[in-house]
Amino acid sequence: MASNKNPYLPELVTITNIIEETPNIKSFQVVFNDPERMKTFTFEPGQVGQLSVFGVGESTFVINSPPTRMEYLQFSVMRAGEVTGALHELFPGDQMGLRAPLGNWFPYDTMKGKKILFIGGGIGLAPLRTLILYMLDNRGDYKDITIIYGARTPPDLCYKEDLKDWESRSDVNLILTVDAEYPGWDKRIGFVPTVLNEVAPSPEDTIAITCGPPIMIKFVLQNLAKLNFKDEDIITTLEARMKCGIGICGRCNLGSKYICKDGPVFSLAQLRDFPGVI
Amino acid sequence: MSLDKLKQIITDVLKDVDVVIGYKQGFDALHATPCFVTKPEQVDEIIWSPLCVQNLAGYLTSLKKKVGIVVKGCDSRTIVQYMQEGLIDRNKVVVIGIPCTGILSVKKVLEKVKHEPVEEVTFGNDGTVIVKTPSGDTKMALSEVAPDKCETCLYPTPVVYDHLADEPIASTKDPQNVFKDVEEFNKKSLEEKKKYWEKEFDRCIRCYACRNACPMCVCQDSCIAETRDPHWISQRSNLTEKMMFHMIHALHLAGRCVECGECERVCPMGIPVNKLKKKINSDMKALFGYEPGVKPEDKPPMLTFSVEEKNIEEHKL
Amino acid sequence: MADTGFIPKEKWGAFIEGLSAKAQVWVPCLEEDIVIFRPYSKERVICFDRPANTPPKGVIFPQSDTLFSFAFTKDPENPQKVMVELEEKLDFPKTIIIGSRPCDAKGFLIYDRPYTQTDTPDPYYKGRREQTTIITMSCQSPSPGCFCTAVGGGPADKVGSDILITEVNTGYFIEAITEKGKEILQQSGAENGSSHEAEARKKQEEVHSRVQDRFCADGKPKISRDLFENDDFWQEELAKCVSCGACTYLCPTCYCFNITDEKTFEKGERIRSWDGCMYTHFTLEASGHNPRPTKYQRFKNRVGHKFIFYPEKYDGVIACCGCGRCIRYCPMSVDISEVVSKLQKQTGSASNGK
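Everything numeric here is computed off the predicted structure, so don't read it as measured data.

### Comments concerning the overall build of chain B
Here comes step 1: Counting its regular elements, chain B contains ten helices and eight strands.
Here comes step 2: Pairs at least 24 residues apart make up 66% of the contacts formed inside chain B by residues separated by at least 6 positions.

### Describing the interface of chain B and chain C
Here comes step 1: At the interface, 33 residues of chain B touch 38 residues of chain C.
Here comes step 2: Mapped onto the side of chain B that touches chain C, the elements with two or more residues apiece are β2 (32-37), α3 (106-112) and α7 (209-213) of chain B.
Here comes step 3: Broken down by class, the residue content of the side of chain B that touches chain C amounts to 14 nonpolar, eleven polar and eight charged.

### Quick look at the sheet that holds strand β8 (residues 163-168) of chain C
Residue and element names in this part refer to chain C.
Here comes step 1: In spatial order, the strands read β3-β2-β6-β7-β8-β9-β1-β10; together these eight strands make up an open sheet with mixed pairing. Two strands lie at the open edges of the sheet, namely β3 (34-39) and β10 (191-192), each paired on one side alone.
Here comes step 2: Relative to β3, strand β2 (residues 24-31) runs antiparallel, the two being bridged by six bridges. Each residue of the ladder has a partner; that of Val-27, found in β3, is Arg-38.

### Quick notes on helix α6 (residues 197-210) of chain C
Residue and element names in this part refer to chain C.
Here comes step 1: Over its 14 residues, α6 extends 20 Å from the first C-alpha to the last, a length consistent with the 20 Å expected when each residue adds 1.5 Å.
Here comes step 2: Of all the positions in α6, only Ala-200, Lys-203 and Gln-204 are classed as buried. Buried residues of α6, seen end-on, are gathered within an arc of 100° and therefore sit on one face of the element. Within α6, the exposed residues directed more than 90 degrees away from the buried face are Ala-198, Lys-202, Glu-205, Glu-206 and Ser-209.

### Description of the packing of helix α3 (residues 102-116) of chain C against helix α4 (residues 123-131) of chain C
Residue and element names in this part refer to chain C.
Here comes step 1: In contact at an axis separation of 10 Å, α3 and α4 are set at 135° when each is read in the N-to-C sense. Here α4 runs oblique to α3, going by the angle between their axes. α3 and α4 meet at a crossing whose hand is left-handed. Contacts between α3 and α4 involve Phe-108, Tyr-111, Tyr-115 and Thr-116 from the former and Tyr-125, Lys-126 and Arg-129 from the latter.
Here comes step 2: Of the residues that constitute the contact of α3 with α4, the class distribution is four nonpolar, one polar and two charged.

### Structural notes on the environment of Gln235(C)
Residues and elements named next belong to chain C.
Here comes step 1: As for its placement among the helices and strands, Gln-235 is situated in helix α8 (residues 231-238).
Here comes step 2: For Gln-235, a count of 13 C-beta atoms within 10 Å puts it in the partly exposed group.
Here comes step 3: With 81 residues separating them along the chain, Gln-235 and Gly-316 place their C-alpha atoms 27 Å apart.

### Remarks on the packing of helix α5 (residues 192-199) of chain A against helix α6 (residues 214-226) of chain A
Residues and elements named next belong to chain A.
Here comes step 1: Between α5 and α6, whose axes approach to 8 Å, the crossing angle comes to 20°. Here α5 lies roughly parallel to α6, going by the angle between them. Considering only the axes of α5 and α6, their crossing is right-handed. For the pair α5 and α6, contact is made by Val-192, Pro-193, Leu-196 and Asn-197 and by Met-216, Phe-219, Val-220 and Asn-223, respectively.

### A look at the environment of Pro10(A)
Here comes step 1: With respect to the element layout, Pro10(A) can be found in the segment before β1 (11-22).
Here comes step 2: As for Pro10(A) and Leu98(A), which are separated by 88 residues in sequence, their C-alpha atoms are 5.0 Å apart.

### Focus: the pairing of strand β8 (residues 145-151) of chain A
The side chains of a regular strand alternate between the sheet's two faces.
All names here are of chain A.
Here comes step 1: The buried fraction of β8 is high, at five of seven residues.
Here comes step 2: Pairing of strand β7 (residues 115-121) with β8, which is carried by six bridges, proceeds in the parallel orientation. Bridge pairing in β8 places Gly-121 opposite Gly-150.
Here comes step 3: Read as a crossover between parallel neighbours, the route from β7 over helix α3 (residues 125-137) to β8 is right-handed.
Here comes step 4: Summarising the sheet, β8 and strand β9 (residues 173-178) pair through six bridges and their orientation is parallel. Directly across from Tyr-149, in β9, lies its bridge partner Leu-176.
Here comes step 5: Taken together, β8, helix α4 (residues 160-168) and β9 constitute a β-α-β crossover, and its handedness is right-handed.

### Looking at the domain arrangement of chain A
Residue and element names in this part refer to chain A.
Here comes step 1: Domain assignment breaks chain A into domain 1 (11-102) and domain 2 (108-237).
Here comes step 2: When contributions to the side of domain 1 that touches domain 2 are tallied by element, the ones reaching two or more residues are β1 and β5 (73-78).
Here comes step 3: Its residues placed into classes, the side of domain 1 that touches domain 2 shows eight nonpolar, six polar and two charged.

### Thoughts on the domain arrangement of chain B
Residue and element names in this part refer to chain B.
Here comes step 1: We note that the domain assignment places domain 1 (1-102 + 152-167), domain 2 (104-146) and domain 3 (179-309) within chain B.
Here comes step 2: In this structure, domain 1 and domain 3 have C-alpha centres spaced 25 Å apart.
Here comes step 3: Contacts between the two partners involve 17 residues from domain 1 and, on the opposite side, 17 residues from domain 3.
Here comes step 4: When its residues are assigned to classes, the side of domain 1 that touches domain 3 shows eight nonpolar, six polar and three charged.

### A few points about the interface of chain A and chain C
It is common to give the size of an interface as the accessible area lost on bringing the parts into contact.
Here comes step 1: Taken together, the contact between chain A and chain C spans 31 residues of the former and 37 residues of the latter.
Here comes step 2: When grouped by side-chain class, the residues that make up the side of chain A that touches chain C number 15 nonpolar, eleven polar and five charged.

### Comments concerning unusual backbone geometry
Here comes step 1: Put simply, Ala100(A) and Pro101(A) share a cis peptide bond, and its omega is -5°.
Here comes step 2: Put simply, Gly263(A) and Pro264(A) share a cis peptide bond, and its omega is 10°.
Here comes step 3: Following the sequence through the fold, Pro264(A) ends up in the loop between β14 (257-258) and β15 (265-267).
Here comes step 4: Unlike most non-glycine residues, Asp315(C) shows phi in positive territory, near 55°.
Here comes step 5: Positionally, Asp315(C) belongs in the loop between α10 (295-313) and α11 (325-329).

### Quick word on α10(C)
All names here are of chain C.
Here comes step 1: Considering bend angle alone, the principal kink of α10 is centred on His-305 and spans about 55°.
Here comes step 2: Within α10, burial applies to Lys-295, Tyr-296, Arg-298, Phe-299, Lys-300, Asn-301, Arg-302, Val-303, His-305, Lys-306, Phe-307 and Tyr-310.
Here comes step 3: Contacts from the buried residues of α10 go to α8 and α12 (336-345).
Here comes step 4: Asp-315 lies just past α10 and shows a positive phi near 55°.

### Section: the pairing of strand β12 (residues 267-274) of chain C
Residue and element names in this part refer to chain C.
Here comes step 1: Direction of pairing for strand β4 (residues 64-75) relative to β12: antiparallel, over a ladder of seven bridges. In the strand pairing of β12, Phe-68 is matched with Arg-270.
Here comes step 2: Counting the residues between successive antiparallel strands, the hairpin from strand β11 (residues 257-264) to β12 contains two residues, one of them, Phe-265, with a positive phi of roughly 55°.

### Examining the confidence of the model for chain A
Here comes step 1: Overall, the predicted model of chain A reaches an average pLDDT of 93, with 98% of residues at or above 70.
Here comes step 2: Within chain A, no element has a lower average pLDDT than strand β13 (residues 253-254) of chain A, which sits at 90, and none a higher one than strand β2 (residues 25-32) of chain A, at 97.

### A look at the sheet that holds strand β5 (residues 120-123) of chain B
All names here are of chain B.
Here comes step 1: Read across the open sheet, the three strands follow the order β5-β6-β7; overall the sheet is antiparallel. The outermost strands of the open sheet, each flanked by one partner alone, are β5 and β7 (136-141). Direction aside, neighbouring strands of the sheet carry axes that sit 20° apart on average.

Rules and cut-offs
- Residues numbered from 1 in each chain as written.
- Chains lettered and ligands numbered in written order.
- Predicted model: local features only at pLDDT ≥ 70, side-chain atom pairs only at ≥ 80, totals over all residues.
- Helix = DSSP H or I, 4+ residues; strand = E, 2+ residues; numbered from the N terminus.
- Contact = placed C-beta atoms within 7 Å.
- Nonpolar A, V, L, I, M, F, W, Y, C, P; charged D, E, K, R; others polar.
- Pairing = 2+ DSSP bridges.
- Expected span 1.5 Å × (residues − 1).
- Buried ≥ 20, exposed ≤ 12 C-beta atoms within 10 Å, placed from the backbone.
- Arc of directions from axis to C-beta.
- Axes fitted to C-alpha atoms, helices over the stretch in contact; angles between N-to-C directions.
- Parallel < 35°, antiparallel > 145°, perpendicular 65-115°, else oblique.
- Left-handed = near helix turned anticlockwise from the far one by under 90°.
- Right-handed = clockwise from strand over helix to strand, strands pointing away.
- Domains from an automatic or database assignment.
- Bend = angle between axes of the 7 residues up to and from the residue.
- pLDDT = per-residue confidence, 0-100.

If you want it as structure tokens, here you go:
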């Protein structure tokens, strides 16, 4: 259904809280300036938004809070370039623009009644977080939930509060790892793909969802194949430089599919159509 | 010059290099196009005529392999300038020089034949060109439709080469006239010059054909025209931004522009961008006595400095 | 309402002048030896003899366009707090383009599908498009490099235009195609066109027969996916490209753009500007990763977009109008029609060769 809304005009939001997840990653919790909008806004886990710092530009981030917890919308930002650098200079109370929700979402409906395996690295946990929390808020719909998550060092682990919570829960199996020995770290050591091999989950009745640095994804996918996971049961979410967010500016396309509109969530089976991506 | 001799040289050079870059027939009778020869069978496609207008030397900085390259006199100055600035490894380049008796300007020919599609182009030994279009044949002198740079060409024979495809040719042009067009233009008043450039740059579409075709423009991937940090030029399509880009581009080429004329040739909007660079070159000549791309051992004045400059009056503090 | 009309040569100038009273008229004008679309004014020299160097796409899709402006104000009660106000710029004048060619007009149809036939239509493009009438001149001769018939078009193709005008011996034969076109024809005071129709048709057919069939007689080229995925093929074809991007800016069907914020102190604008998939930085990410770092990959994406991906999404429509500008103005004469011809030959399609 065609909308008369101007898809390029952001809505105004205000930052209510900023959490320093790691030395270069901050999470921003925002609410719409218009309280009515906060009540009517809906989105699905996996969808993204374009955050504007007016005068600097826009950048795309996954909404990593779940739609079941709507006190605020949360976005996690790694300082990398012009816009993310400007975002990191903001304070609670500052205004930004938001164009959301954009893109497709995790097919959580088809995952009901199945075992879920999350594999994340670094800030790759952000898109997984929205789905994890959504599933925990609808816990009865899903069977075992396993999360394998790692980062370079313990300070680089994101969402430390959530990790503590998931560790303490009996209905979630959390496996944390860091790349190398670190003072004070007494849990697992090893790269995420290696830990995946050690855990060796069964592919039966399981959906694997992964996100992280490209090199991690590459090896995770190889190892999932060796563990006999089917391409249709492996889900990932991609990122690219985006501008319009509505599938026309020609930038984020893979063949005829736009990551901003037909993605960012893709199954590995879909990605096989684009040679060179995996 | 015998085309067979050129083809023989290319075949021989091909044995020692990964690729030889020459010219072949383009999409119609009026255009040649670069040809990247990697196998001996491809040498047959090679042509040589006044249609061979492109400066092939521009490819050298992006090719990592051993390259053979066909150059005219003006193109060879690019190679010398690259040597001065350390932008190529001379040992990895085999230069096949062709003494040039002049090329044509596609724009000037099309203007003469009123932009009709060109079916055939023949070159006479007497310096004539016959251009066949649907309305018939049009005869013209090559000198009438040559690009401006040919009129003041001091280096018809390449200034650097490993093989020469023909007998060297001496220049028949007076070195005093090289900057005559710039001196004429300079006589205009400031107001007239401003109006002139505003009118010309208004047509600019910032396609960057001039920038990318320029062999000396080597920071194309991080060009000031597009960077946000520093943010010198916005994406607004107005005269200010366009002129800013062209001024910066010309200044970045100060003392480096070898006047190959590619920038002006490739501009789809017919803007005489070479004029700006020529003006700066004439200033370089006056201030430093320097001519880009002529002697490999020269030191480019804008990349080096002397404690005391010959023609620059220091403030007596 | 009649569908055809005729304007004798001596009344042609008045016809254009008359249109300019109703709307902002864009005509191809001669400057130095360049033809460029400009707003009509009596001082300009109009040139319909050949296609303009740049297509008229800038009339409906300007090279830079303000999406909205923003202004910062400090809260007087609490100077630490900075408020932002946004203002959309969404009003568009009534416009007439006269002097586009059928290939140029097809370009706008290529834009229409992604920009308006979607659940998030682009209001800036849509607004200008609705306000614009397109009066196309049929070609009197093919241009260097052009190949409209190979992609399903033609020098007198009506698709995409409101009016098609064909120059005949004593004047201009007018065919109104859409309701907008018929209205203009009715108000133009043109004479009855029927006595000139035969001459116009003969001219149109004669020009059509002269357009070179570059690679596809039925206008529906089919690309070999095997050769398309072969990296060596692209490296060989594209070795001479200098990655300048002029082809994308001069192309009537290219519609990629950039969005940037331009600010001066406490106010500024978010603007949309032309961008091209052939530029190195087009897909460059802040991390330094670039999905299409080489010119070969970028050109492969460009050809893929025009001849495979866009047709895949939109009922087999090829996103190339065959105007030939990319070939004519390419600094190194890269020839997209030659590349497509080679890609086609691999399938052994019955419609190639002859």
